[in-house]
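Understanding the architecture of this molecule
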Amino acid sequence: MVSIVLGAALGNIADTMKENREYLKEKKSLLQERMVMSGLENRAALKKARAERTARLDAAMGLGFSERAATALELTGQLDFQLAKVMDLKKDLDPTYIPNLTSGLESRIDDNEELAKAVAEGLSGPLNSIEDQENAFQRALKSTSITDFDEELNKLIMYTGGTPNSYSEKFSITPSKGSVISESEFKNVDNILGGALNVMYSDVFEKDNQGNWQVREDAPDGEEVRFLFNNLSKQATNLAQDPFNTFGTVGATQFIIDKIQPASGLPADVVNENLNESLTSSEPSYWDRFRN
């Protein structure tokens, strides 16, 4: 009687183990089929995204962006907008826009270790993300128990790798920048600057009969004031063309005037020699150091 009961129990255990093995085999088969299909889909999606990103990168470099600058813009999701802007502006694109934007981006990459690392990794990012998924898949197929299988399956479900590389901190690029400065805007800049220099050097700088600013012929410091006027005009233009600030031509010109007006009474050559430093100085009394 005992042997009959024991035999039945062993038979039940054997049946259960057989059912578990068949269940595990079936689950592995379904997993393998699912991973093959999802793997193909993932790879197809990644391949398409990679091709689109590479195409944008190639287009940017073809327009004059450096590879690092174009990569940085792509990583922050800003390259597509910049390419569209350049194409929309066409002949109205300021010829300094792409060189200025590239130079500014290169400088920011050099000054930011985290950004430089992301740019160096490129668009694909770290190479181990797909490998992590495939390793988890292989461990699930090799598992010998339902518990181990479920554990590896859970890792696959939680897997988030394989996404393209990115960088979350966007660059502060003024959307309205990029259009060429018109002739009337240049004239307006010069007119505003001329008015300021007329106040600072009234015995040297004046308007002619046509209303244009000029240096008096007999003025002893005339050439220095003329050079200062040209220098200020150039600096105002550079500021207005910088993609990383919000200055228009008028705002850039007024910024420069505000910086040099405290230099009133100083020789024009002193203002010329120290102009660049004064534009970046935050000292309200910057020019006082040059007074006797």
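Each remark here, short or long, concerns the structure printed above.
Computed from a prediction, not measured in an experiment: that's the story for all the values here. (Residues numbered from 1 in each chain as written. Predicted model: local features only at pLDDT ≥ 70, side-chain atom pairs only at ≥ 80, totals over all residues. Heavy atoms only, no water.)

Here the focus is the nonpolar core. Within the largest apolar cluster, 30 residues are counted, with the highest numbers of intra-cluster contacts made by L197, Y201, L228, L232 and V271. For this core, the secondary-structure elements that each account for two or more residues are α8 (183-200), α9 (222-241), α10 (249-260) and α11 (268-280). The dominant element in this core, judged by the number of residues it contributes, is α9, at 7 residues. Look past the residues within four positions of L232 in its chain and what remains in contact with it is L193, L197, I256, I260 and L275. Grouped together as the second largest cluster of nonpolar side chains are 26 residues, L75, Y97, A118 and L123 included. (Core = buried A, V, L, I, M, F, W, Y, C linked by side-chain atoms within 4.5 Å. Buried < 20%, exposed > 50% of the residue type's maximum accessible area, 1.4 Å probe, protein only. Helix = DSSP H or I, 4+ residues; strand = E, 2+ residues; numbered from the N terminus. Contact = heavy atoms within 4.5 Å.)

Below, the discussion takes up the packing of aromatic side chains. Tallied over the entire structure, the rule returns 6 aromatic pairs. Measuring from centroid to centroid gives 5.4 Å for F205 and F229, while their planes differ by 40 degrees, and the two rings are tilted. One end of the pair, F205, is in strand β1 (residues 205-207); the other, F229, is in helix α9, with 24 residues separating them in the sequence. For F205, a relative accessible area of 2% translates into the label buried. For the pair F247 and F255, a centre-to-centre distance of 5.2 Å together with 40 degrees between the ring planes defines the contact as tilted. Judged by its relative accessible area of 27%, F255 falls in the partly exposed class. Taken together, the aromatic side chains of F205, W213 and F229 make up a single cluster linked through ring pairs. (Phe/Tyr/Trp six-rings, centres within 6.5 Å; stacked < 30°, edge-to-face > 60°.)

All right, on to the packing of α8 against α10 then. Where α8 contacts α10, the two axes come as close as 10 Å, and the packing angle between them is 15 degrees. The angle between the axes of α8 and α10 places the two elements in the roughly parallel class. The hand of the α8/α10 crossing is right-handed. In contact with E185, N188, V189, I192, L193, A196, L197 and M200 of α8, α10 contributes T249, V250, T253, I257 and I260. Here the residues of the contact of α8 with α10 sort into 9 nonpolar, 3 polar and 1 charged. (Axes fitted to C-alpha atoms, helices over the stretch in contact; angles between N-to-C directions. Parallel < 35°, antiparallel > 145°, perpendicular 65-115°, else oblique. Left-handed = near helix turned anticlockwise from the far one by under 90°. Nonpolar A, V, L, I, M, F, W, Y, C, P; charged D, E, K, R; others polar.)

Judged by side-chain charge, D203, D221, E224 and E273 come together as a negatively charged surface patch. As for its position among the elements, D203 is in the loop between α8 and β1. Owing to a relative accessible area of 52%, D203 belongs among the exposed residues under this scheme. (Patch = residues over 30% accessible without salt bridge, like charges linked within 9 Å, V, L, I, M, F, W, Y side chains within 5 Å. Areas by Shrake-Rupley, 256 points an atom, 1.4 Å probe, with all protein chains shown as cover. Salt bridge = Lys/Arg side-chain N within 4 Å of Asp/Glu carboxyl O. Lys, Arg positive; Asp, Glu negative; His and termini not counted. Charge placed at Lys NZ, Arg CZ, Asp CG, Glu CD.)

In this model helix α4 (residues 97-110) runs 20 Å from its N-terminal to its C-terminal C-alpha over 14 residues, within 8% of the 20 Å that 1.5 Å per residue would give. Inspection of α4 places Y97, I98, L101, T102, G104, L105, E106 and I109 among the buried residues, and these make up the whole buried set. (Expected span 1.5 Å × (residues − 1).)

With the exception of glycine, the majority of residues adopt a negative phi angle, and the majority of peptide bonds are in the trans configuration. Positive phi, normally seen in glycine, also occurs at K90, with a value near 50 degrees. Residue placement: K90 occurs in the loop between α3 (79-89) and α4.

Attention shifts here to the side chain of E74. Examined against the element boundaries, E74 turns out to sit in helix α2 (residues 67-75). Within the structure, the side chain of E74 is placed 2.8 Å from the side chain of R56, a separation counted as a polar contact. Not counting residues up to four positions away in its chain, the partners in contact with E74 are R53, R56, L79 and L123. (Polar contact = N/O pair within 3.5 Å; in protein donor to acceptor, adjacent residues only side chain to side chain.)

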